[in-house]
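# Structural overview
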Amino acid sequence: MAISAITLAELSAGPHQVRTAREQNVYDEHRERARRLEILQRAENEFDPVPFDTEAARMYGRVVAAVVGSGRSPRRRVADLLIAATALAEGLPLFTANPDDFLGLETILRVVPVTRPLVPPGQSIT
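First, a word on scope: everything that follows refers to the structure included in this document. As the structure is a prediction and not an experimental result, all values here were calculated from the model.

## Thoughts on the pattern of salt bridges
Counted by the stated rule, this structure contains five salt bridges. Across the pair Glu32 and Arg35 runs a salt bridge, and its minimum N-O distance is 2.7 Å. Of this pair, Glu32 and Arg35 both sit in helix α2 (residues 29-46), three residues apart, which is roughly one turn of the helix. Judged by relative accessible area, which is 11%, Glu32 ranks as buried. One salt bridge in this structure joins Arg58 and Glu55, with 3.2 Å as the shortest N-O distance. In this pair, Arg58 and Glu55 both sit in helix α3 (residues 54-69), three residues apart, roughly one turn of the helix. Among the charged side chains, a salt-bridge network with shared partners connects Glu32, Arg35 and Arg36.

## Notes on the side chain of Arg77
You can see Arg77 is positioned in the loop between α3 and α4 (78-90). Asp80 provides the closest opposite charge to the buried, salt-bridge-free Arg77, at an N-O distance of 5.0 Å. Among the polar contacts listed, one links the side chain of Arg77 to the backbone oxygen of Asp101, at a separation of 2.4 Å.

## Some details on helix α1 (residues 5-13)
Among the residues of α1, those classed as buried are Ile6, Thr7 and Leu8. Against β1 (2-4), α2, β2 (48-50) and α4 lie the buried residues of α1. Two or three places before Ile6, at the start of α1, stands the capping residue Ser4, its side-chain oxygen 3.0 Å from that residue's backbone nitrogen.

## Here we look at α2
Spanning 18 residues, α2 covers 26 Å between terminal C-alpha atoms, matching the ideal 26 Å at 1.5 Å per step. Of the residues making up α2, those classed as buried are Glu29, Glu32, Glu38, Leu40 and Ala43. Structurally, α2 contributes buried residues whose contacts are with β1 and α1. Between the side-chain oxygen of the N-cap and the backbone nitrogen of His30 there are 3.0 Å, and the N-cap of α2 in question is Asp28.

## Quick look at the packing of α1 against α4
The description of two packed helices rests on the angle between their axes and on the distance between the axes. In the contact formed by α1 and α4, the axes pass within 8 Å of each other and the chain directions differ by 150°. The angle between the axes of α1 and α4 places the two elements in the roughly antiparallel class. Across from Ile6, Thr7 and Glu10 in α1, the residues of α4 making contact are Ala79, Asp80, Leu82 and Ile83. Partitioning the contact of α1 with α4 into residue classes produces four nonpolar, one polar and two charged.

## Details of the environment of Thr20
On the secondary structure map, Thr20 appears in the loop between α1 and α2. When the C-alpha positions of Thr20 and His30 are compared, they lie 8.7 Å apart, and in sequence the two are ten residues distant.

## Some words on the nonpolar core
Counting residues in hydrophobic clusters, the biggest one holds 16 residues, and the most contacted among them are Val63, Ala84, Leu94, Leu105 and Leu109. Elements with a minimum of two residues in this core: α3 and α4. Per-element tally for this core: the top contributor is α4, with seven residues. The residues touching Ala84, leaving out its near neighbours within four places in the chain, are Val63, Leu94, Phe102, Leu105 and Leu109.

Rules and cut-offs
Residues numbered from 1 in each chain as written. Predicted model: local features only at pLDDT ≥ 70, side-chain atom pairs only at ≥ 80, totals over all residues. Heavy atoms only, no water. Salt bridge = Lys/Arg side-chain N within 4 Å of Asp/Glu carboxyl O. Helix = DSSP H or I, 4+ residues; strand = E, 2+ residues; numbered from the N terminus. Buried < 20%, exposed > 50% of the residue type's maximum accessible area, 1.4 Å probe, protein only. Lys, Arg positive; Asp, Glu negative; His and termini not counted. Polar contact = N/O pair within 3.5 Å; in protein donor to acceptor, adjacent residues only side chain to side chain. Contact = heavy atoms within 4.5 Å. Expected span 1.5 Å × (residues − 1). Axes fitted to C-alpha atoms, helices over the stretch in contact; angles between N-to-C directions. Parallel < 35°, antiparallel > 145°, perpendicular 65-115°, else oblique. Nonpolar A, V, L, I, M, F, W, Y, C, P; charged D, E, K, R; others polar. Core = buried A, V, L, I, M, F, W, Y, C linked by side-chain atoms within 4.5 Å.

The following block contains the structure:
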């Protein structure tokens with residue numbers, strides 16, 4: 001199975017984006033950072049990264065055109081659209097827990113919604 005290198009980059013940034021306890025009260029920052037790190041390590045172990053290459057760069061233009069054509073702005077969604085371009089270049093469907101992030105791409109890319117497993121607080125994702 002494969003994962004976009006762009007997705008791995010997002011997962012790599014995740015542990016560094018956990019807010020401190022002073023900034024939020026929804027989760028324990030250390031537990032959340034560990035959870036995100038575990039997700040990254042599992043992804044690195046279980047998936048082969050698909051690079052963003054020249055063909056994906058070309059497909060990015062088609063992806064942006066589709067988004068703009070649907071009346072949406074591509075500006076705040078660059079990483080998602082780079083991931084979509086990678087899937088399009090590889091001729092692969094895009095599996096995502098956030099299908100709404102890819103609205104407007106239905107005519108050029110098969111987007112497959114998936115659900116995240118529910119993990120009770122304090123338990124591992126194993």
